[in-house]
Amino acid sequence: MKKGINIIKVWLGILGGMLCLSGCAGETSAGAGGEMVESLSRGEAMLLVATERNRYEQLYTDQIWNVTMPEEGNSFGDFLLQQVKQFAGDIKVVDQMAGEYGIELDSSENEQLRRLSEDYYSQLSQADLEYTGATQEDAFQLYQDYHLACKTVDQLTRASDLEISDSQAQVIEIRQIVLEDEAEASQVLSLVQEEGADFASIAQEYSTEDEISLEIGRGETDAAIETAAFSLEEGEISPIISAGGKYYLIQCVNPYDQEATRERKEEMTLLKKDEAFRKIYDEFLEAHPLVTDDQVWTGISCETDLDTTTVNFFSLYEEYFPE
């Protein structure tokens, strides 16, 4: 559920905390006074629940359902259900936004989504079908809603300035020696500056912190450390840097980690896209308060004796609609 998780956390899920959802029941529609009456079928809800509960159980075994969340005080299963409810509600809200902005799915998209839902539904086991009670039409409707939400976010942020420069995203690889005493830092600096000195070995011997090698991006560390580290060439060693009551010696291993920079650039762009979309979303939600009910979620539990295994709802979507 890689894409699903990204959407939940960055495009839709962050918004979920603002919705105070308590549940859903059918398609989203505009109510009196601009309110949105948010609804979802039981089958759609169960497909989302099954996908997530199976993913977590495969990762952590069925013991995950015995975990109590420290902050919330409820079970992990209840916590997960709340997250799924928020996600489902977020999708429906964004789909309502699509209607307001005239964003629709075309016939080719719907045909592809129909094939996708048929493919997905054909892979459900008997246990999956019994647990979810979902029909193929539920899968199709959920895929439609999800795809429309993704399309809406994309189109509404297309005009935004989402450009992130390589310099902003730059990630470098360094080694560090962290010391408590400035005099000792001066002595160690002399050691690492000797011809043929092995910075890593000296760091292992003298540094007060276990982490010797690390990658850093701009804005991720103390300003003094960042300024010194990003000014170094490959193999170059910094003078003593004072930061946070400690003393640092830094060696540049790689002044431009291409792969790490690419990944950070994608993350920064996604976060910038979220900021742009959230502004539009906030304005829309203020004008269209969400009204929900809890009926569809009554009796749903993440715990089941059925050997349900479906986890590929979102990964299969990625295959049909690659980025």
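This is a predicted model, so every value here is computed, not measured. For every chain, the first residue of its written sequence is number 1, and the numbers climb from 1 along that sequence. Where local features are concerned, this predicted model is filtered to residues with pLDDT of at least 70; where side-chain atom pairs are given and counted, the filter is 80 or more; whole-chain, interface and lining totals use all residues. Computation of side-chain values covers all heavy atoms of the structure but excludes hydrogens and water.

Got a minute to help me understand the overall build of the protein in this structure?
A count of helical and extended segments in the protein gives 13 helices and seven strands. Partly exposed describes any residue whose relative accessible area lies between the buried limit of under 20% and the exposed limit of over 50%, with all areas from a 1.4 Å probe on protein chains only and scaled to the type maximum. Considering the protein as a whole, with its 323 residues, one finds that 47% of them fall into the buried category. Considering only residue pairs separated by 6 or more positions, the protein has 79% of its internal contacts joining residues 24 or more positions apart. Secondary structure counts use DSSP, requiring at least four H or I residues in a row for a helix and at least two E residues in a row for a strand, with both numbered from the N terminus. Contact between two residues is taken to exist if any of their heavy atoms lie within 4.5 Å; hydrogens are not considered.

Is there a simple way to explain empty space enclosed by the protein in this structure?
Over the atoms, a rolling probe the size of a water molecule traces out where space has been left empty. Detection works on a 1 Å grid of protein atoms alone, calling trapped sets that fit a 1.4 Å probe cavities and calling open sets with protein on both sides within 12 Å along at least five of seven lines pockets, with lining residues defined by an atom within 4 Å of a point. Grid points are joined across faces, edges and corners, and a volume is the space filled by probe spheres set on the points. Summed over all chains, the structure comprises one cavity of 30 Å³ or more. In this structure, the largest cavity spans a volume of roughly 30 Å³. The wall of the largest cavity is formed by L40, L48, A88, I91, K92, L142 and D145. Of all elements in the fold, only α4 (76-100) and α7 (136-156) reach the threshold of two or more residues within the lining of the largest cavity. Among the elements that make up the lining of the largest cavity, the one with the highest residue count is α4 (three residues). Considering only residue class, the lining of the largest cavity consists of five nonpolar, no polar and two charged. The residue classification treats Ala, Val, Leu, Ile, Met, Phe, Trp, Tyr, Cys and Pro as nonpolar and Asp, Glu, Lys and Arg as charged. All others, Gly included, are polar.

Got a minute to help me understand the nonpolar core in this structure?
Generally speaking, nonpolar side chains in soluble globular proteins are found buried as a group. Throughout, nonpolar core names a set of buried Ala, Val, Leu, Ile, Met, Phe, Trp, Tyr and Cys residues whose side chains join them through atoms within 4.5 Å. Grouped together as the largest cluster of nonpolar side chains are 53 residues, with contacts concentrated most on V49, Y120, Y143 and W297. Sorting the residues of this core by element identifies α3 (42-60), α4, α5 (107-122), α7, α12 (258-287) and α13 (313-320) as the ones contributing at least two each. At 11 residues, the largest contribution of residues to this core is made by α4. Apart from the residues within four sequence positions on either side, Y120 is in contact with L47, T51, A139, Y143, T310, N312, F313 and L316. One finds V178, A229, A243 and C252 within the second-largest nonpolar core, a separate group that totals 15 residues.

How do you make sense of the pattern of salt bridges when you look at a structure like this?
A side chain of one charge can pair with a side chain of the opposite charge when the charged atoms of the two come close. Note on definitions: salt bridges are taken to be side-chain nitrogens of Lys or Arg within 4 Å of carboxyl oxygens of Asp or Glu. In the structure shown here, the tally under the stated rule is 16 salt bridges. The partner of D154 in a salt bridge is K273, with the nearest N and O atoms 3.1 Å apart. Of this pair, D154 sits in helix α7 while K273 sits in helix α12, placing them 119 residues apart in sequence. Among the ionic pairs, R262 bridges to E259, the shortest N-O distance being 2.4 Å.

What is the right way to read the packing of α5 against α7 from this model?
Geometrically, a packed helix pair is captured by the angle between its two axes and the distance between the axes. Interaxial angle, 0 to 180 degrees, is taken between N-to-C directions of lines fitted to C-alpha atoms, where a helix line uses only the stretch in contact. Viewed as axis vectors pointing N to C, α5 and α7 meet at an angle of 135°, and their least axial separation amounts to 9 Å. Between α5 and α7, the crossing angle belongs to the class labelled oblique. Between α5 and α7 lies a crossing whose hand is right-handed. Residues E109, N110, L113, R114, L116, S117, E118, Y120 and Y121 of α5 lie in contact with α7, whose contacting residues are Q136, E137, A139, F140, Y143, Q144, H147 and K151. By residue class, the composition of the contact of α5 with α7 is seven nonpolar, five polar and five charged. For classification, angles of less than 35 degrees are called roughly parallel, those exceeding 145 degrees roughly antiparallel, those between 65 and 115 degrees roughly perpendicular, and all remaining angles oblique. Note: crossing handedness is left-handed where the near helix turns anticlockwise from the far helix by less than a right angle, and right-handed where it turns clockwise.

Can you help me understand the sheet that holds strand β6 (residues 246-254) in this one?
At least two bridges found by DSSP between two strands is the condition for calling them paired. Spatial strand order, β4-β3-β6-β5: four strands in an open sheet with antiparallel pairing. Unpaired on one side and paired on the other, β4 (213-217) and β5 (241-243) mark the two borders of the sheet. Strand-to-strand twist of the sheet, defined as the mean angle between neighbouring strand axes without regard to direction, takes the value 50°. Across seven bridges, the pairing between strand β3 (residues 171-179) and β6 is antiparallel. Within β6, the position partnered with E173 by the bridge is N254. Together, β3 and β6 form the strand contacts of helix α10 (residues 199-206), whose direction differs from that of β3 by roughly 40°.

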